[in-house]
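A closer look at the structure
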2 protein chains.
Amino acid sequence: MIQDNRICQLFNIRYPIIAGGMVWCSGWRLASAVSEAGGLGLIGAGSMHPETLREHINKCKNATTNTFGVNIPLLYPEMETAIRIIIEEKVPVVFTSAGNPKTWTPLLKNHGITVAHVVSSSKFAIKCEEAGADAVVAEGFEAGGHNGREETTTMCLVPAVRNVTSLPLIAAGGIASGAGIAAAMALGAEGVQIGTRFALSEESSAHDNFKSLCLTLNEGDTRLVLKQLAPTRVVKSRLLDRILAAEATGAPADELKQLLGKGRAKKGMFEGDLEEGELEIGQIASTIRQILPAADIMQQLIKEYDATLSRLCDSNRRKV
Amino acid sequence: MIQDNRICQLFNIRYPIIAGGMVWCSGWRLASAVSEAGGLGLIGAGSMHPETLREHINKCKNATTNTFGVNIPLLYPEMETAIRIIIEEKVPVVFTSAGNPKTWTPLLKNHGITVAHVVSSSKFAIKCEEAGADAVVAEGFEAGGHNGREETTTMCLVPAVRNVTSLPLIAAGGIASGAGIAAAMALGAEGVQIGTRFALSEESSAHDNFKSLCLTLNEGDTRLVLKQLAPTRVVKSRLLDRILAAEATGAPADELKQLLGKGRAKKGMFEGDLEEGELEIGQIASTIRQILPAADIMQQLIKEYDATLSRLCDSNRRKV
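Glancing now at the overall build of chain A. Check the secondary structure of chain A and you find 14 helices and eleven strands. Its C-alpha radius of gyration of 19 Å places chain A within 12% of the 20 Å reference for a compact globule of 320 residues. Based on the C-alpha atoms only, the size of chain A along its principal axes is roughly 55 × 50 × 35 Å. Within chain A, buried positions represent 62% of all 320 residues. Of the contacts made within chain A by residues no fewer than 6 positions apart, 64% connect residues no fewer than 24 positions apart.

Below, the structure written as structure tokens:
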């Protein structure tokens, strides 16, 4: 496995593997386990009240002396409070997403925080560089949760972003194996952010019902929905069927919002209501059939990456 | 560049690079140029009357003594006639798509033809193996033209198909560079089928208007539409806007068919009507800014692949 490259140096981590800070999944347990195993764990602030976030940050500090960070979507309702807590608690790394990187990056950088921003287009990757971000995450259509409107896949997005910025580049979306990591590196990434595989770990705080369901998913069992509101990749469910039916008859955004109501992601992913909850997971779930400890996942990723590189490099040496 | 692997041996080609047999783009000129350059050229029968197909096959035979093949979508209206011509003219390779591989594979195999089938799901990859196909093409959501309903991306589909079949595996969708080829190989493919990059070649029979437009595309400029009828990735256009508007108000399949009319792909891709035509191209077009001869494209792909492997293998050797 690659070590000591720009991503490793930037975050002071052993392997350029980041665990996404996912709502309802990425608490202090998952983040610290990944950091302890040599990657970068991220706490998912998107589903936490500010004081809950503070609590997770402190528990994470107690569980690991390695670097960890916080992921916070820029749509977070109490941004100023959360940012203040992040600064007060001296969190060294922040990943932001779903918004304009220019809004908070300067403040975070002024406090010595390393900042990465998640984008779904090369246009926003350029904004990252202009905003002074330290790294950019290029996340493709296949990723779980909130997605970009362009629907650009990881295979197409990573090279496009690589072409427009020289920032340290992290690929996300559809990566759950060492082979996937190797593919991302081939495309020009220097690190990877992995969501689904870590959402389906023992330390993930998601409900067991949700985890078990995700282990049964096949291709086509996730869908990008709510494109009028905010495109989100979710597992098919009764709630989803109602939403898709409404969308198909041309229901306006307000009606869809009503249908969705509040707290659906919590209901599904955290409380385990598989029929009425919103269940965010990536397409790559169809290749995952086992819940594992995060440390085992890390080991597996590293082993698979090395095996993939051996295979590719050997066959390249043997060429006529 | 990898040579002499299972795909090379199967098709008797130097490099495991196949040029997709695309409607309106892949005539004898493109197919023979790719085969001359060491890849596998495919004639796109989907947009040809049977006797036009025969003509292209014969011109291709005159232009190259290397292996070439024909791609024929199983929805082709005069399948029996086309298959008869393919057999009569002793075409050695046939790629089929958009249908059940069990229908024609046995007949083609009985005539000593090497058969590959394009799938968009691991479920259909299994059907390929059961049908006796010699190879399977796993084509992701990002590919131009007709797509699967599951919307599975290349990053997710290739590993899934690799898991269910030991058939020689070709990846397609989102590959237009040597880096993309390396990524596909990392994911478990042994060869690649490249569409968009060759659609935008000098030898491609598509209209110059279409080629020029595709060179200006950015991320998000293609869309998967007509999901009720047959999901197709096309460039945004006035025609497309009308179709999307109709889809958004819940127009039934029949009405969409009326709106689409006949001959839209020919109108757009072959006759150059960019507003009223249907323009099929892949997402990866956003990374392509130059029309090139097919031979130059092949050289570029090989050079980029080797550079990518050098980079990956060197950084792997340097690991701590």
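Having seen it, we continue.
We now examine the relation of the copies chain B and chain A. One copy of the chain maps onto the other through a rotation about an axis plus a displacement along that axis. For the match of chain B to chain A, the screw axis carries a shift of 0.0 Å, the RMSD comes to 0.0 Å, and the turn is 180 degrees. The superposition operator between the copies reduces to a two-fold rotation axis. Of the C-alpha atoms belonging to chain B, the one lying closest to the rotation axis is found on B:Ala183, 1.9 Å away. Taken as a fraction of all interface residues of chain B, those also at the interface in chain A reach 100%, which identifies the copy contact as same-surface.

All right, on to the state of the cysteines then. In this structure the tally under the stated criterion is one disulfide over all chains. A:Cys313 shares a disulfide with B:Cys313; S-S distance 2.0 Å. Of note, the bridge from A:Cys313 to B:Cys313 carries an S-S torsion of about -95 degrees and is left-handed in sense. Linking A:Cys313 in helix 14 (residues 294–317) with B:Cys313 in helix 14 (residues 294–317), this pair reaches from one chain into another.

This part covers the packing of aromatic side chains. Evaluated as defined, the whole model comprises five aromatic pairs over all chains. Geometrically, the ring pair formed by A:Phe11 and A:Phe95 is tilted, given 5.6 Å between the ring centres and 35 degrees between the ring planes. Separated by 84 residues along the polypeptide, A:Phe11 in helix 1 (residues 6–11) and A:Phe95 in strand 4 (residues 93–97) bring together distant segments of the chain. An identical accessibility class is assigned to A:Phe11 and A:Phe95; each is buried. With centroids separated by 4.9 Å and ring planes inclined at 40 degrees, the aromatic side chains of A:Trp24 and A:Phe270 adopt a geometry described as tilted. Of this pair, A:Trp24 sits in the loop between strand 1 (17–19) and helix 2 (28–36) while A:Phe270 sits in helix 13 (residues 264–270), placing them 246 residues apart in sequence. Between B:Lys127 and the ring centre of B:Phe124, over which it is positioned, the NZ or CZ distance is 5.3 Å.

Our focus in this paragraph is the sheet that holds strand 2 (residues 40–44) of chain B. All names here are of chain B. Taken in spatial order, the eight strands of this closed barrel run 1-2-3-4-5-6-8-9, and their pairing is parallel. Going from strand to strand, the sheet's axes swing by 25 degrees on average, the running direction of each strand aside. Looking at chain direction, strand 1 (residues 17–19) and strand 2 are connected through two bridges and run parallel. Within the sheet, the bridge partner assigned to Ala 19 lies in strand 2 and is Gly 41. Running at roughly 160 degrees to strand 3 (residues 68–73), helix 3 (residues 50–63) makes contact with strand 2 and strand 3 of the sheet.

So, how was this worked out
- Residues numbered from 1 in each chain as written.
- Chains lettered and ligands numbered in written order.
- Predicted model: local features only at pLDDT ≥ 70, side-chain atom pairs only at ≥ 80, totals over all residues.
- Heavy atoms only, no water.
- Helix = DSSP H or I, 4+ residues; strand = E, 2+ residues; numbered from the N terminus.
- Rg over C-alpha atoms; globule rule 2.2 N^0.38 Å.
- Buried < 20%, exposed > 50% of the residue type's maximum accessible area, 1.4 Å probe, protein only.
- Contact = heavy atoms within 4.5 Å.
- Least-squares fit on C-alpha atoms with pLDDT ≥ 70 in both.
- Disulfide = S-S within 2.5 Å.
- Phe/Tyr/Trp six-rings, centres within 6.5 Å; stacked < 30°, edge-to-face > 60°.
- Lys NZ or Arg CZ within 6 Å of the ring centre and 35° of its normal.
- Pairing = 2+ DSSP bridges.
- Axes fitted to C-alpha atoms, helices over the stretch in contact; angles between N-to-C directions.

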